[in-house]
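Listed below, chain by chain, are the residues.
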Amino acid sequence: MAGASYIQKTLLLLTIFAPYASSFGRAEVRTPHSPPASSSSCSSLVDSSTPVTVIPQPNRLIAIGDLHGDVHAARRALRVAGVLHPAVDEWIGGKSVVVQVGDLLDRGDTELELLCLMRKVQTKAKAAGGALYNLVGNHETLNADGRDRYATVEAMQAYTRWNNVCRFKRFLPGPISDSFSCSLWTEPLKCKDTDAHCKAIEVGKGSSRDIMARDRRMALRAGGPIAKEVFSKCPTVLIAGDTVLVHGGLVKKHVEHSSTQACLHSLNSINKQVSDFLAGRDKGKLPHHAFTSEGVLWNRIFSNPRQQELDHSRATLLAQTLSSLPGGAPLHRGAVKRMVVGHSIQPGKISSSADGQIWRVDIGMSKRIHNRRVQVLEILKGGRVTVLSEEPHLAATLWDKMWRLPWRPAY
């Protein structure tokens, strides 16, 4: 013990006293070691408002694809976009607006760090007159419904450490608290009274994977602390001036066409239904848009990587959908010129079709997917659209070549 580092000693004490942690209750009290509300702590960026549907035309809009639990890919993407300082997590994007199109969860090992980074940068951006929005992706709703087969062992173990250590966060020095993403922690995780399976796992019954996944499931389930305080505040559909952004895809049948206000009401309704589900306010009712192949989180009608060029029928549907959406200032139909989607991994790079009416930004940046070199989409006021790319690295170059081989695995 004499040769142990300060952090090792602290963690040993936490391990010893962890069984008695429930007596401490909620850890909301600030201490000299706790960051103030105006600091970079990710807890300060949880917004209590309902999801926004329409924002004014930004001078510079950045769209970032699926990140799947990879905080390192997120930092690279934000730096390629020119909004994150090269050395520290500080916003340098001025009034730029960044929209990440969903799927922060699953497949990667650093989910908690990624959530904390996104919320931290969101606060910094807002203070500078800019903004960062995370959209809801299908993997957020899957986990809210208890479907976690894409979670990695490392990610599940991180939630267990997070729950065991962060219940002491009022006593932790800031660096230790930050290293465990304690700013996201609000209360000890516990099973719902009606969840017999969870309660069985709590007493050691269940498979080894169930026991390992328990804390992550409780944090991300509908009404769980992260689902409620983070993801339920995220839009499902967002219109930014002349651009609509959504994880899967939006088609005209998803919205009411009788008037601008009716269409806006339809979009608000989509956002509210998914938000209510994630927050646990709808008593377990699964929203159509979150769990069907035709919903806005799942459909690939405009993003199928095997059919990148839209045929006439899909191009016509896209044009009709865009013309029905409200945008501009004041809001009027016909102002939305393009759609940006994620969800479907594109072969090698960000792609577009239909004269730039559709842009697909999921390129498999996450380390556990394709570890591709980062690309982001820049849309300037006036309509100029540019793909921004980082310098290629060896792994990305090799994978891009392998993607084109005839024996590559089916998508």
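Our structure's up above, just so we're on the same page.
Residues numbered from 1 in each chain as written. Predicted model: local features only at pLDDT ≥ 70, side-chain atom pairs only at ≥ 80, totals over all residues. Heavy atoms only, no water.

Q: What should I look at first to understand the overall build of the protein chain in this one?
A: Regarding its fold elements, the protein chain presents 13 helices and 13 strands. For the protein chain, buried positions account for 53% of its 411 residues. Long-range contacts, defined as pairs at least 24 residues apart, comprise 70% of the intrachain contacts of the protein chain with a sequence gap of at least 6. (Helix = DSSP H or I, 4+ residues; strand = E, 2+ residues; numbered from the N terminus. Buried < 20%, exposed > 50% of the residue type's maximum accessible area, 1.4 Å probe, protein only. Contact = heavy atoms within 4.5 Å.)

Q: Looking at this structure, how should I read the pattern of salt bridges?
A: Pairs can form between side chains of opposite charge once their charged atoms are near each other. For the structure on display, the rule yields 20 salt bridges. Of the charged contacts in the structure, one is a salt bridge between Arg76 and Glu390, with a shortest N-O distance of 2.6 Å. Of the two residues, Arg76 sits in helix H2 (residues 71-80) while Glu390 sits in the loop between strand E13 (385-389) and helix H13 (394-403), which places them 314 residues apart along the sequence. Assessed through its relative accessible area of 22%, Arg76 is described here as partly exposed. (Salt bridge = Lys/Arg side-chain N within 4 Å of Asp/Glu carboxyl O.)

Q: Can you help me understand the sheet that holds strand E6 (residues 243-246) in this one?
A: Within a beta sheet, neighbouring strands are joined by backbone hydrogen bonds and run either parallel or antiparallel to one another. Reading across the sheet, the six strands line up as E1-E5-E6-E9-E11-E10 and stay open at both edges, with mixed pairing between neighbours. Both outer strands of the open sheet, strand E1 (54-55) and strand E10 (351-353), are each paired with one neighbouring strand and no more. Inspection of the sheet shows strand E9 (residues 338-341) paired to strand E11 (residues 358-360) by three bridges, in the parallel sense. Looking at the pairing, Val340 lines up with Trp359 of E11. (Pairing = 2+ DSSP bridges.)

Q: Can you walk me through helix H12 (residues 312-324) in this structure?
A: An α-helical segment advances 3.6 residues per turn. Residues three or four places apart therefore align on the same side. When the terminal C-alpha atoms of H12 are compared, their 18 Å separation across 13 residues agrees well with the 18 Å that a helix rising 1.5 Å per residue should span. Of all the residues in H12, the buried ones are Arg314, Leu317, Leu318, Thr321, Leu322 and Ser324. For H12, the angular spread of the buried residues around the axis is 160°, confining them to a single face. Where the residues of H12 are buried, they touch E6, helix H10 (260-279), strand E7 (326-327), strand E8 (332-333), E9 and E11. (Expected span 1.5 Å × (residues − 1). Arc of directions from axis to C-beta.)

Q: Got a minute to help me understand the side chain of Asp103 in this structure?
A: Residue position: Asp103 is located in the loop between strand E3 (97-100) and helix H3 (111-127). For the buried residue Asp103, which engages in no salt bridge, the nearest side chain bearing the opposite charge is Arg107, 6.6 Å off. Within the structure, the side chain of Asp103 is placed 3.3 Å from the backbone nitrogen of Asn138, a separation counted as a polar contact. Looking at Asp103, its side chain comes within polar contact range of the side chain of His247, at 3.2 Å. (Lys, Arg positive; Asp, Glu negative; His and termini not counted. Polar contact = N/O pair within 3.5 Å; in protein donor to acceptor, adjacent residues only side chain to side chain.)

Q: Explain the sheet that holds strand E2 (residues 60-64) to me, please; I cannot follow it from the model alone.
A: The strand order E4-E3-E2-E12-E13 describes an open sheet built from five strands, whose pairing is mixed. Single-partner strands in this sheet number two, and they are strand E4 (131-134) and E13. Averaged over all pairs of adjacent strands, the angle between their axes in this sheet comes to 20°, without regard to strand direction. Of the strand pairs in this sheet, E3 and E4 are connected by four bridges, and their pairing is parallel. When the sheet's bridge partners are listed, Val97 is paired in E4 with Ala131. (Axes fitted to C-alpha atoms, helices over the stretch in contact; angles between N-to-C directions.)

Q: Can you walk me through the pairing of E6 in this structure?
A: Put simply, side chains in a regular strand alternate between the two faces of the sheet. By the alternation rule, side chains of E6 split into Thr243 and Leu245 and Val244 and Val246, which are all buried. One ladder, built from four bridges, connects strand E5 (residues 237-240) with E6; its direction is antiparallel. In the sheet register, Val237 faces E6, and the bridge partner there is Val246. Counting the residues that bridge the hairpin from E5 to E6 gives two residues, and of these Gly241 lies at a positive phi of roughly 65°. Across four bridges, E6 lies against E9 in parallel orientation. Counted as the bridge partner of Thr243 is Arg338 from E9.

Q: Any chance you could explain the state of the cysteines here in plain terms?
A: Here is the idea: a disulfide is a covalent bond, and it sits between the sulfur atoms of two cysteines. Across all of its chains, the model carries two disulfides by this definition. Disulfide partner of Cys191: Cys198, at an S-S distance of 2.0 Å. Residues Cys191 and Cys198 share a disulfide whose torsion about the S-S bond is about -70°; that sign makes it left-handed. Under the relative-accessibility criterion, Cys191 is labelled buried at 9%. The exposure class assigned to Cys198 is buried, which follows from its relative accessible area of 6%. (Disulfide = S-S within 2.5 Å.)

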